[in-house]
Amino acid sequence: MARGTLLVVDDEKPIAEILRYNLEREGYTVVVAYDGEEALRLTKSCKPDLILLDIMLPKKDGFAVCREIRQISNVPIIMLTAKDTELDKVLGLELGADDYVTKPFSAREVVARVKALLRRAVQPRVEEMGEILTCQDLVVDTGRMEVTVNKKTIDLTYREYLLLTYLMRHAGYVISREKLLAEVWGYDFYGDERTVDVAIRRLREKIEPNPSEPRYILTKRGAGYLMGKGRNV
């Protein structure tokens, strides 16, 4: 039985076929797009459980595709990039990608990341039925994976949701960036602490009335982040 549907987006057909072969061996159903416009069409028609998205694509690049997908879906996205630069990685994360892999990569590494991301994607539905987390007027209903501020529903990416719920479960405690990488990203992440800072900034922009003066997610300078009330310290 298929374990889920994956969309692989890469204009280099040999790479796309290698990924398809290895992912299908693991029991996934794999559809492939070779340009950005086709990727958007398949995202809407196939509704994949996860997308592997190359940056350098014809017709519409991966950054533009990621931005448009995030307007309609919170599907987990792993960016594939030949550009091993901090700017490209940070930009992908800021646009809503959940992870990135730099070419050249091993198929085993990609499969491991897909499994880890999908495993965490189903955990809230399996393990957290009916739990309500609150911080002032910020409320998370984990059974519905619904986040509200002042009773207004907030749309989060899957990674933002995981980050928020982890912080809320540890409210009042300072959590280091290293700990957040290990617990929220869920494996030996190849990125660095900048990944956490980018995710926190995006999350604040969505839930905080004034992101420059946060009420919910506070910064403990030199140490990490915590859920609490008041000013950064």
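What comes next concerns the included structure. (Residues numbered from 1 in each chain as written. Predicted model: local features only at pLDDT ≥ 70, side-chain atom pairs only at ≥ 80, totals over all residues. Heavy atoms only, no water.)

**Re the overall build of the protein**
Logical step 1: Helix and strand counts for the protein come out as 8 helices and 11 strands.
Logical step 2: Classification of the 233 residues of the protein by burial places 51% in the buried group.
Logical step 3: The contacts in the protein between residues at least 6 apart in sequence include a share of 56% that link residues at least 24 apart.
Logical step 4: Surface exposure of the protein reaches about 11,500 Å², of which carbon and sulfur atoms provide 50%. (Helix = DSSP H or I, 4+ residues; strand = E, 2+ residues; numbered from the N terminus. Buried < 20%, exposed > 50% of the residue type's maximum accessible area, 1.4 Å probe, protein only. Contact = heavy atoms within 4.5 Å. Areas by Shrake-Rupley, 256 points an atom, 1.4 Å probe, with all protein chains shown as cover.)

**Some words on the side chain of Asp35**
Logical step 1: Inspection of the secondary structure assignment puts Asp35 in the loop between strand S2 (29-33) and helix H2 (36-46).
Logical step 2: A distance of 3.0 Å separates the side chain of Asp35 from the backbone nitrogen of Glu37, its partner in a polar contact. (Polar contact = N/O pair within 3.5 Å; in protein donor to acceptor, adjacent residues only side chain to side chain.)

**Some words on helix H3 (residues 62-70)**
Logical step 1: Counting buried positions along H3 yields 7 of 9 residues, so the element is predominantly enclosed.
Logical step 2: Gly62, Phe63, Ala64, Val65, Cys66, Ile69 and Arg70 are the residues of H3 that are buried.
Logical step 3: Sitting at the amino-terminal end of H3 is Asp61, which places a side-chain oxygen 3.0 Å from the backbone nitrogen of Phe63.

**Section: the packing of helix H7 (residues 177-185) against helix H8 (residues 194-207)**
Logical step 1: Two numbers describe how H7 lies on H8: the axes approach to 9 Å, and their chain directions differ by 75 degrees. Classified by the angle between their axes, H7 and H8 sit roughly perpendicular to one another. Residues Arg177, Leu180, Leu181 and Trp185 of H7 touch H8, and the partners they reach there are Thr195, Val196, Asp197 and Ala199.
Logical step 2: Within the contact of H7 with H8, the residues separate by chemical class into 5 nonpolar, 1 polar and 2 charged. (Axes fitted to C-alpha atoms, helices over the stretch in contact; angles between N-to-C directions. Parallel < 35°, antiparallel > 145°, perpendicular 65-115°, else oblique. Nonpolar A, V, L, I, M, F, W, Y, C, P; charged D, E, K, R; others polar.)

**Examining the packing of helix H6 (residues 158-169) against H7**
Logical step 1: As a packed pair, H6 and H7 sit with axes 10 Å apart at the nearest point and diverge in direction by 120 degrees. When the axes of H6 and H7 are compared, the pair comes out oblique. Handedness of the crossing formed by H6 with H7: right-handed. Mapping the contact onto sequence places Arg159, Leu162, Leu163, Tyr166 and Leu167 in H6 and Lys179, Leu180, Glu183, Val184 and Trp185 in H7. (Left-handed = near helix turned anticlockwise from the far one by under 90°.)

**Some thoughts on unusual backbone geometry**
Logical step 1: Looking along the chain, the bond that leaves Lys103 and enters Pro104 is cis, with omega of -5 degrees.
Logical step 2: One non-glycine residue, Met145, lies in positive phi territory at about 55 degrees.
Logical step 3: With respect to the helices and strands, Met145 occurs in the loop between strand S7 (138-141) and strand S8 (146-149).
Logical step 4: Residue class for Met145 comes out partly exposed when judged on its relative accessible area of 27%.
Logical step 5: Residue Lys151 is not a glycine yet carries a positive backbone phi of 70 degrees.

**What to know about the sheet that holds strand S1 (residues 5-9)**
Logical step 1: Overall, parallel pairing links the 5 strands, which are arranged S2-S1-S3-S4-S5 in an open sheet. Each end of this open sheet is capped by a strand with a single partner; those strands are S2 and strand S5 (99-102). Each strand axis lies, on average, 20 degrees off the axis of its neighbour in the sheet, ignoring direction.
Logical step 2: Pairing between S1 and strand S3 (residues 50-54): 4 bridges, direction parallel. (Pairing = 2+ DSSP bridges.)

**Re the environment of Val8**
Logical step 1: You can see Val8 is positioned in strand S1.
Logical step 2: The class for Val8 is buried, based on a relative accessible area of 0%.
Logical step 3: The spatial distance from the C-alpha of Val8 to the C-alpha of Pro48 is 9.7 Å, given a sequence separation of 40 residues.

**Here we look at the sheet that holds strand S6 (residues 132-135)**
Logical step 1: Taking strand neighbours across the sheet as the criterion, the 4 strands line up as S6-S7-S8-S9 in an open arrangement whose pairing is antiparallel. Looking at the sheet topology across the chains shown, the edges are occupied by S6 and strand S9 (152-154). Taking the axes of each pair of neighbouring strands and ignoring which way they run, one obtains an average angle of 25 degrees across the sheet.
Logical step 2: One ladder, built from 3 bridges, connects S8 with S9; its direction is antiparallel. By the bridge assignment for S9, Val149 is matched with Lys152.

**Observations regarding the packing of aromatic side chains**
Logical step 1: Taken as a whole, this structure holds 0 aromatic pairs when the rule is applied.
Logical step 2: Positioned above the aromatic ring of Tyr34, the side-chain terminus of Lys13 is 5.0 Å from the ring centre. (Phe/Tyr/Trp six-rings, centres within 6.5 Å; stacked < 30°, edge-to-face > 60°. Lys NZ or Arg CZ within 6 Å of the ring centre and 35° of its normal.)

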